[in-house]
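What follows is each chain in one-letter form.
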Number of protein chains: 2
Amino acid sequence: MKKFIYPFKDGGKEMKSLLGGKGANLSEMTKLGLPIPQGFVITTEASMKYYEEEKKIWKGLKKEIEQNLKNLEAVTDKNFGGDNPLFVSVRSGAAISMPGMMDTILNLGLNDKTYKLLATQTGNEQFAFNSYKRFIQMFSEVVYGIEKYKYDLLEKELEKNGTEKEAYIKEYKNLFKSEVNFKFPEDPMDQLLAAIEAVFSSWNNPRAIYYRNLNNIPHDIGTGVTVQSMVFGNMGDTSGTGVVFTRNPSCGENKLFGEFLINAQGEDVVAGIRTPKKIEELEAVMPETYKELIDLCNLLEDHYKDMQDIEFTIENNELYILQTRNGKRTANAAIKVATDLVNEGIITKEKAIMMIEPEMISQLLHPTFSEEELANSEVLVTGLAASPGAATGRVYFSSEKIKENNGGILVRLETSPEDIEGMNIADGILTVRGGMTSHAAVVARGMGRCCICGCGSMDLDEEKKEFKVGNITVSEGEYISLNGSTGNVYLGELNKSDSGLTDEFKMILDWSSEIGAMKVLANADTPLDAKVAYDFGANGIGLCRTEHMFFEEKKINHVREMILAENSHERKIALDNILPLQRLDFIGIFEAMKGNSVTVRLIDPPLHEFLPKEKEEKLKLTKSMGITMEDIENRMLKLEELNPMLGHRGCRLGITYPEIYEMQSRAIIEAAIEVKKSGIDVKPEIMIPLVGKVEELGYLRERLVSVVDEVIENSGIELEYKIGTMIEVPRACVTAGEIAKEADFFSFGTNDLTQITFGYSRDDAGKFISDYREKDILEADPFETIDIKGVGKLMEMAVTLGRGEKKNLKIGICGEHGGDPKSIEFFHSIGLAYVSCSPYRIPIAKLAVAQNTIKGRKYHF
Amino acid sequence: MKKFIYPFKDGGKEMKSLLGGKGANLSEMTKLGLPIPQGFVITTEASMKYYEEEKKIWKGLKKEIEQNLKNLEAVTDKNFGGDNPLFVSVRSGAAISMPGMMDTILNLGLNDKTYKLLATQTGNEQFAFNSYKRFIQMFSEVVYGIEKYKYDLLEKELEKNGTEKEAYIKEYKNLFKSEVNFKFPEDPMDQLLAAIEAVFSSWNNPRAIYYRNLNNIPHDIGTGVTVQSMVFGNMGDTSGTGVVFTRNPSCGENKLFGEFLINAQGEDVVAGIRTPKKIEELEAVMPETYKELIDLCNLLEDHYKDMQDIEFTIENNELYILQTRNGKRTANAAIKVATDLVNEGIITKEKAIMMIEPEMISQLLHPTFSEEELANSEVLVTGLAASPGAATGRVYFSSEKIKENNGGILVRLETSPEDIEGMNIADGILTVRGGMTSHAAVVARGMGRCCICGCGSMDLDEEKKEFKVGNITVSEGEYISLNGSTGNVYLGELNKSDSGLTDEFKMILDWSSEIGAMKVLANADTPLDAKVAYDFGANGIGLCRTEHMFFEEKKINHVREMILAENSHERKIALDNILPLQRLDFIGIFEAMKGNSVTVRLIDPPLHEFLPKEKEEKLKLTKSMGITMEDIENRMLKLEELNPMLGHRGCRLGITYPEIYEMQSRAIIEAAIEVKKSGIDVKPEIMIPLVGKVEELGYLRERLVSVVDEVIENSGIELEYKIGTMIEVPRACVTAGEIAKEADFFSFGTNDLTQITFGYSRDDAGKFISDYREKDILEADPFETIDIKGVGKLMEMAVTLGRGEKKNLKIGICGEHGGDPKSIEFFHSIGLAYVSCSPYRIPIAKLAVAQNTIKGRKYHF
């Protein structure tokens, strides 16, 4: 018969998917001989079977629970509901840590009888009373969803009335009964079964489902339930509880970091209701225990080979570990910890790379407030620097408002799991209560969202939708700025500036380059972009768009002359004027890339995009072209299109007006020759957009080769170049075998390919894409993360067909998806040679590439 | 050693691809013992080897020619260039008849010596002189490209001067020499080899290549060369030549049809220079020969089991057959001949179906001038009714002008192979010279182009670009109308009207229905269209678009109210007004289809297409909606899209505004129930457009099923219905396996699928598609004939994936391509169950389907 329950002593850390992270680690620590209050774990399989059994605890499971409880009574030498009463905590714990699920019920087993025994045994009636009150409230909230504020109101009233303890408890139970229509369960076993069911049910509450969707966690892995004998941190001044990180989760420094509260239970720290003390201060209070804690921390980090996030409780000077897990951390800390662990010889480079979430490091690449800006701004108020970064935005006081406005600064008394969705959308988070390990802080760091916590001098009025600091009032919709690295809050919008790379970050990037099987190129259109990309370690430029160059002041009038030319003679005159300017563009870019390949895409958008809108600009043209305003208007009218995205653009322009592509190719090659003459190597690649038929590419290739070869021959310089094509039209994918015959390389233009494969105009799809997301028709925005089943399938076909024709065909991708880690995983799986993305995404892409190389995973359709 | 030459006696009709059509038939007739002037055929393989040998007659071939000539001398008891001189004709002849190639050189072997011998032997110096003159001219033109008019001018001058025969010939030869810089070859063997090379070369002249491209004839099958001993039709009044069809090629009547000329050579008849006499008149002139001809005609038709087109020559009362082939015919004749042959027991139904070119019968379905229109119009001039049908258009006097204007009426003295391209583009053809078997007549009938020939009373001035009839002048660009069935020409544009189906045509359609493996449905949006389709034998409606219905006067204002509604309540009110009207639309269509399935596509285009453009219309809306003009304008502005083709349309509308599709589905089912109650069976199918993700279809299906099932349940009537989807987005093709789970049927929307797969907006692609055709980047317009390699490949994937999921999934196609025979061949090959096309294309589609079923051919990618 299948076993659904494991006592801690029978588990271990390798059983994470069966026991959940919490249970597995408690078991592991038990095996390590650490001071762990004993208990047992109900497996994740049991939680899934619970749904099969139509949400009932089936007989067999009940029997197992009873048996394990009996064993626990034996181990602890106590009895459940008996004279030497055993109390337990009940916690959820999936294999992957998941805020949003039920977390914890403490002190379970308390009833009118055991309450009195606890008071007598400990000689601390107040402690027993507090524990009982808290249990009733927690049980009510977690198991039956009775809102906490109702007990808070009742508490206020009872305190005011000076109600006696016995009557007090009665009122608590009356509140319970009035909410659920039955009596508060006195039988500890009834309490336990109800608590276990609550954990099982919480697996499918909306917040948990949302979190799993957000983080791509499967819905069928289930949660474990840990039932553990209680130790009490609230038994007086020789007791306490706390959370400690083995390193600093904010900056990564190798130094214990944490908080504790004397005479408190664990939930008091996490919930952020009382502001706790720094862990260092424990040394003064309980030196022995502090030393013991440090030793245990070292032992656990060595054992798990990663920074640990440890919960502990001290009961009458006795230290117990209640939980350990890999600690959440900021991107900076993640990088510091990972590189330190490598340098300390604890882990390999590969392990270090796998420890860093690529999306997370984007916060390091994004702007911060400049020193100057900060120096000139007055601090409104200061809180705890819970999650670094800089954020500006309008103030909103609820997650709903943040969602409505698609961003802003979320300001809350404290956050709760209900806020996860809003926190994810918010630009920054500011709370009045709570410490560095409060819900807001932990979640924000995980999301890479800027966050300031425990900003107690703020006077928040949620009803009025405003907060006050002294006599300054900030109302909903006003702008504030947060500096998550210092905890300072500012009025108004502060300007942001770029942040540099730390040495540790560079180290990670170097290791990623060593390990990564795909090259990471940049999408860069200017020498400046090219330089940024080069500094981030780009292996070249995968997409240099030429259309932005055409908008430059010096060029635009000539470009317009070219477009409005009525014959190829007029057009050539305009192009002759553009050629030297275009050549200069490429010289700067080639120089910046220092010998790396540069892929230049010939002009792509429909020509009418370049035409003047202002009258003044049109007048300029009448003069330079010697034609009337009416002529200009007429020629412009001819260029209008109903669906420009599917119109006369890309190589279609190059075919109807071969002079344009010839000029561009000449400029590219002339620039390359000039740079090469100056001693810098150049590898130019000419890329033709929007090819759907091999004949298009063949036609253009023949023409461009003849122009380019002549330029090279006349220069007397040896220069190699490539001519390739974007693959961005579905027809190109299904006929890629033919197209490969004329192409030196393929580069997937996944923006257009997504657009055309779905038939969604990027400009217009906004009208229904949000509706599609809400109705679960689209699981993700296909313009952000590649649509594997559709677009991906076509890409895979193109790779197979292209390489079938040319075994070593160079194939990469240069759409927005090139910087998206999830998409990179797919690109790696189909064997692309490179991704090309915006300069600021290069580090993320490098890391994602390295991780996928290490995982070596394959997709299957 | 490979044999490159076959004497007639060694060949046969089954050797067509080796000997060409002409050679194979001459061989066949030789075997049948018919009176054939003997000769030999140089194989098509030789003509291809000629290109391999760098366009030289290689030694081995020369030897074979000499040997075969020797044998021919023995058979004919004459000698080539000798005292009893042998003369030969040299003709080209590919396996597939091909105008545009070199046709014939007659009288080869004549030189100053044999000319005199011929004159002496026949005692007819004039005949010998005429033959020699003609030989020099033909040889000059055909072998060396010397334009005929130069000899015509010279002839006029020499006639005027009364030049003597000897000097006359000398002048002819001088002209030759002045053109090519060498002397006219006197040696008959030099003449022969040059003529053979000219045939070989003509295979790749531009006209021949154009013709092959136009008709999808491979370029590597080559042409045969027939060298045949001459018989002379121009030896006086006991000689003659003619062309005869065993049945009437214009109407198909089973009665000899043809023309002859006394004292003439074959070219005189074909070139249309002298107007020949009707074949019946031969009986009076040469009763014996006429009887013999009739017997031979019967024999040949019986043997070939098809209508024959026979060339004959009478030399001194001796009848010779020079050629037989299956005769080109009009669509009407093709149908009549085919059905007659079946009824006469000569061929099977399958053979009959294969004898008719589907595209050809479109002329029968296309309009003719109504009797009334003709009665009220004055005839300008009358010619020969060479190819039936009705045409109106502007007059142009050259093929270039026709091409420039993409149509019009081509008016020529006579047409030549250079005109083929123009004739193909022209709406109609009118010639001054030439008979029913002239170049113009034969080619026009083959193309199904309306044509009037031999309109001799027209006075054509090509230089002035006008023609006169009496004192009426018609200039370039003016409109005329041709009635190809009567030969009457009218001034101006006559209105056209529909033509009915003949009994024979219905017979062919019935046989096609019996045999065809695919159903042929109609694209019909109105009860009238539905009726036409039903009468043409449609098996149902494959595409009933609902958007046109929305434009009806009664509905359009409500439709606009619906579109501009700001919430779903307002929208429902408008929809409630549309519902009863929409229901009526469907009732009419269901009734017309009498129990056949009707697939209704829910609304597809972007909503802004329905919005008013005129101020008056907008005013109407302000009143009915009670909002201001500004509101109207603002709401309209919101609906604008940059790329409506890729925007908020199709099922995307249905998902954001479910009320619309719900109303339409309700109307469909309520109409079906009403019609069913009246005793007519109904098979409604609801089709959802533009699906790219199974989730879209699933979402809508669930909603529509619940609406529809309720309607059915409340009615108390049993009604089966289907819900399926268009497949018209590339993503739908590659994920068709998933989509099939929610679909009862697939219908390929090949218009949109082509548009999106290529990324060509139909509205805008005109700008480059013509350029693409000219530059050979597109071999055909992909919106007319399906692009097999790209769009077809995606369709094949969709079929495979869809049927992989649902083995018996009903899959068809309802784009414009559904009525295109070449596309139908492909659709048949990938196993589609039906094609749906416009009512007037149904007969063509039925025939094409039957033919492909008979061929049973498979495509391979």
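Residues numbered from 1 in each chain as written. Chains lettered and ligands numbered in written order. Predicted model: local features only at pLDDT ≥ 70, side-chain atom pairs only at ≥ 80, totals over all residues. Heavy atoms only, no water.

Structural notes on the overall build of chain A
Stated formally: Labels follow the DSSP assignment, with helices taken as runs of H or I lasting at least four residues and strands as runs of E lasting at least two, numbered in each case from the N terminus. Classification of residues uses two cut-offs on accessible area relative to the type maximum, computed with a 1.4 Å probe and protein chains only: under 20% is buried, over 50% is exposed, and between them is partly exposed. We call two residues contacting when some pair of their heavy atoms lies within 4.5 Å. All accessibility values rest on the Shrake-Rupley procedure with a 1.4 Å probe; residue burial counts only the protein chains present in the view. By the counting rule applied here, Lys and Arg register as positive and Asp and Glu as negative, while His and the ends of each chain are not counted. The atom standing in for a charge is NZ when the residue is Lys, CZ when it is Arg, CG when it is Asp and CD when it is Glu.
A count of helical and extended segments in chain A gives 36 helices and 31 strands. Looking at chain A as a whole, 60% of its 861 residues are labelled buried. In chain A, the share of contacts with a sequence separation of at least 24, taken over all contacts with a separation of at least 6, comes to 69%. Only carbon and sulfur atoms are counted for the fraction: they give 47% of the accessible area of chain A, which is about 34,600 Å². Taken as two groups, the 102 positive and 132 negative side-chain charges of chain A have centres that lie 3 Å from each other.

A look at the pattern of salt bridges
Note the threshold: By convention in these notes, a salt bridge is any Lys or Arg side-chain nitrogen within 4 Å of a carboxyl oxygen on Asp or Glu.
Going through the model one piece at a time under the given rule, you end up with 98 salt bridges over all chains. For K336 of chain B, the salt bridge is made with D340 of chain B, and the minimal N-O distance between the two is 2.8 Å. Within this pair, K336 of chain B and its partner D340 of chain B are both found in helix α13 (residues 331-343), separated by four residues, close to a single helical turn. Judged by relative accessible area, which is 23%, K336 of chain B ranks as partly exposed. Judged by relative accessible area, which is 13%, D340 of chain B ranks as buried. As a salt-bridge pair, R412 of chain B and D419 of chain B come within 3.3 Å of each other at their nearest N and O atoms. Each member of the pair, R412 of chain B as well as D419 of chain B, is classed as buried. By sharing partners, the salt bridges in this structure join E547, R601, D604, R649 and D752 of chain A into a single network.

As for the sheet that holds strand β28 (residues 722-727) of chain A
All names here are of chain A. Applicable threshold: At least two DSSP bridges between two strands are needed for those strands to be called paired. Angles shown run from 0 to 180 degrees and are taken between the N-to-C directions of axes, each axis being a line fitted to C-alpha atoms and, for helices, limited to the stretch in contact.
Spatially, the eight strands close up into a barrel ordered β24-β25-β26-β27-β28-β29-β30-β31, and their pairing is parallel. Geometrically, the sheet is characterised by an average inter-axis angle of 25 degrees between neighbouring strands, direction not taken into account. As judged from the two bridges shared by strand β24 (residues 519-523) and strand β25 (residues 540-545), these two strands associate in the parallel manner. Residue pairing for β25: A522 is matched across the bridge by I541.

As for the interface of chain A and chain B
Basically, it comes down to this: By buried area we mean the combined loss of accessible area, with a 1.4 Å probe, across both parts when two parts are placed together.
Each partner contributes residues to the interface: chain A has 49 residues there, and chain B has 49 residues. Taken together, both faces of the contact between chain A and chain B bury some 4,400 Å²; the carbon and sulfur share is 57%. In terms of surface lost to chain B, no three residues of chain A exceed L646, R731 and K767 of chain A, which account for 15% of the buried area on that side. The tally of links between chain A and chain B comes to six salt bridges.

Some details on the sheet that holds strand β9 (residues 308-315) of chain B
All names here are of chain B. An order of β8-β7-β6-β9-β10 is seen for the five strands of this open sheet, with the pairing classed as antiparallel. The sheet is open, and its two borders are formed by β8 (277-278) and β10 (318-326), each paired with just one other strand. Summarising the sheet, strand β6 (residues 240-245) and strand β7 (residues 257-262) pair through six bridges and their orientation is antiparallel. Bridge pairing in β7 links V244 to G258. In the packing of helix α12 (residues 287-304) onto the sheet, the strands contacted are β6, β9 and β10, and the crossing angle to β10 comes to about 30 degrees.

Description of the domain arrangement of chain A
Put simply, the test is: What counts as a domain boundary in this text is fixed by an automatic or database domain assignment.
Annotation of chain A at the domain level lists domain 1 (5-232), domain 2 (233-329), domain 3 (367-498) and domain 4 (516-856). The gap between the C-alpha centroids of domain 2 of chain A and domain 3 of chain A is 27 Å.

Concerning the UniProt feature "domain: PEP-utilising enzyme C-terminal" (unreviewed entry) in chain A
Convention followed: UniProt positions are given in the numbering used here, feature names are shortened, and annotations may be inferred rather than shown by experiment.
The UniProt feature table records "domain: PEP-utilising enzyme C-terminal" (unreviewed entry) at residues 505-852 of chain A. Within the segment residues 505-852 of chain A, helix and strand shares are 57% and 11% respectively, and the terminal C-alpha atoms sit 19 Å apart.

A short note on the nonpolar core
The nonpolar side chains of a soluble globular protein tend to be buried with one another. This is how it is decided: As used in this record, nonpolar core signifies buried Ala, Val, Leu, Ile, Met, Phe, Trp, Tyr and Cys residues forming a set joined through side-chain atoms within 4.5 Å.
Ranked by internal contacts, the top residues of the largest apolar core, which has 312 residues, are F748 of chain A together with F748 of chain B. In this view, F748 of chain A contacts I727, C733, L753, M795, A798, V799, I811, G812, I813, C814, G815 and L832 of chain A; residues no more than four positions away in its chain are not counted.

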